[in-house]
Amino acid sequence: MQEPNYIKQSLSDIVVDYLKSKILTGEYKEGDRINEVKVAKDLNISRAPVREGIKELESHGLVKLVPRRGNYVTQMTTKDIKEIYDIRLSLENSIIEILINEKKLSEKDFKKLTDIVDEMMQIARSNENIHQKTIKINEKDVEFHQILWKKADSPRRMKILSDLHIQLQFAMFIDTKMTGNLENTGETHYDIIKYLREGNVEKCKQALKNHIELYSKDS
């Protein structure tokens, strides 16, 4: 039975969330084949929205289509990860310039950012296992940076950075060594907030670089 377009779109979003969760929590590992029939059965839907969802994940870089073989979870190389970090740093540096030079952030924004980092620190100091802490801190990290991207009012930068962040979450889960010291990860966000508030572009860029290098140095 064919679903109306508006329902298909909603179902494809469900597929994206379902598969993304399985990939980012390690249930689907690098190189694993994604079986459309099984996913459709698990979600009790037709295969059409499953295919749409998989295409969406392919655009995010989490899934790769191998002709005549099927869809597979992407395998990240060291070169891939370095390229992602380099692009992210370049784009986020331009975000910093916009935020500071155009005074885009309010006190309410700074409080929201600080609250997120406080939560990151609580998670880092908790007794949960490293994978669970990594997943939760990655979610808070995305939340933190998305506030900055949105405030910069640059939708194209935001789209690219959002896709990169999804790939980074995947890469960091693959190798938990890439998370470095989770408390240090939180503290580098405090530095970013500090220099954004002070309006110091160069020091804020350096704080961002320090934050990113906590991950990339081990990749």
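Just so it is clear, the structure is predicted and the values come from calculations on it, not from any experiment.

A. Layout of helix H3 (residues 47-60). Look at H3: 20 Å from first C-alpha to last across 14 residues, which is about the 20 Å you get at 1.5 Å a residue. By the burial criterion, the buried members of H3 are Pro49, Val50, Gly53, Ile54, Leu57 and His60. Each buried residue of H3 sits inside an arc of 140° when the element is viewed along its axis, so together they form one side. At the C-terminal side of H3, Gly61 shows a positive phi close to 90°.

B. Structural view of the nonpolar core. By size, the foremost hydrophobic cluster in this structure holds 59 residues, and its most contacted members are Leu19, Ile34, Phe144, Leu148 and Leu196. Of the residues forming this core, the biggest block, 10 residues, is contributed by helix H4 (residues 78-101). Leave out the neighbours within four places in its chain, and Leu148 touches Ile95, Leu99, Leu105, Leu113 and Leu196.

C. Quick peek at the environment of Lys104. Here Lys104 is to be found in the loop between H4 and helix H5 (107-124). Note: C-alpha distance between Lys104 and Leu196 (92 residues apart in sequence) is 10.0 Å. Excluding anything up to four places from it in sequence, Lys104 contacts Ile98, Leu99, Asp109, Lys151, Ala152 and Asp153.

D. Quick look at the pattern of salt bridges. For the structure shown, the criterion picks out 15 salt bridges. A salt bridge links Lys82 to Asp86; the shortest N-O distance between them is 2.8 Å. Placement of both Lys82 and Asp86 in helix H4 is noted, with a separation of four residues, approximately one turn of the helix. Put simply, Glu92 and Arg88 hold a salt bridge, and the shortest N to O gap is 2.5 Å.

Calculation notes
- Residues numbered from 1 in each chain as written.
- Predicted model: local features only at pLDDT ≥ 70, side-chain atom pairs only at ≥ 80, totals over all residues.
- Heavy atoms only, no water.
- Helix = DSSP H or I, 4+ residues; strand = E, 2+ residues; numbered from the N terminus.
- Expected span 1.5 Å × (residues − 1).
- Buried < 20%, exposed > 50% of the residue type's maximum accessible area, 1.4 Å probe, protein only.
- Arc of directions from axis to C-beta.
- Core = buried A, V, L, I, M, F, W, Y, C linked by side-chain atoms within 4.5 Å.
- Contact = heavy atoms within 4.5 Å.
- Salt bridge = Lys/Arg side-chain N within 4 Å of Asp/Glu carboxyl O.

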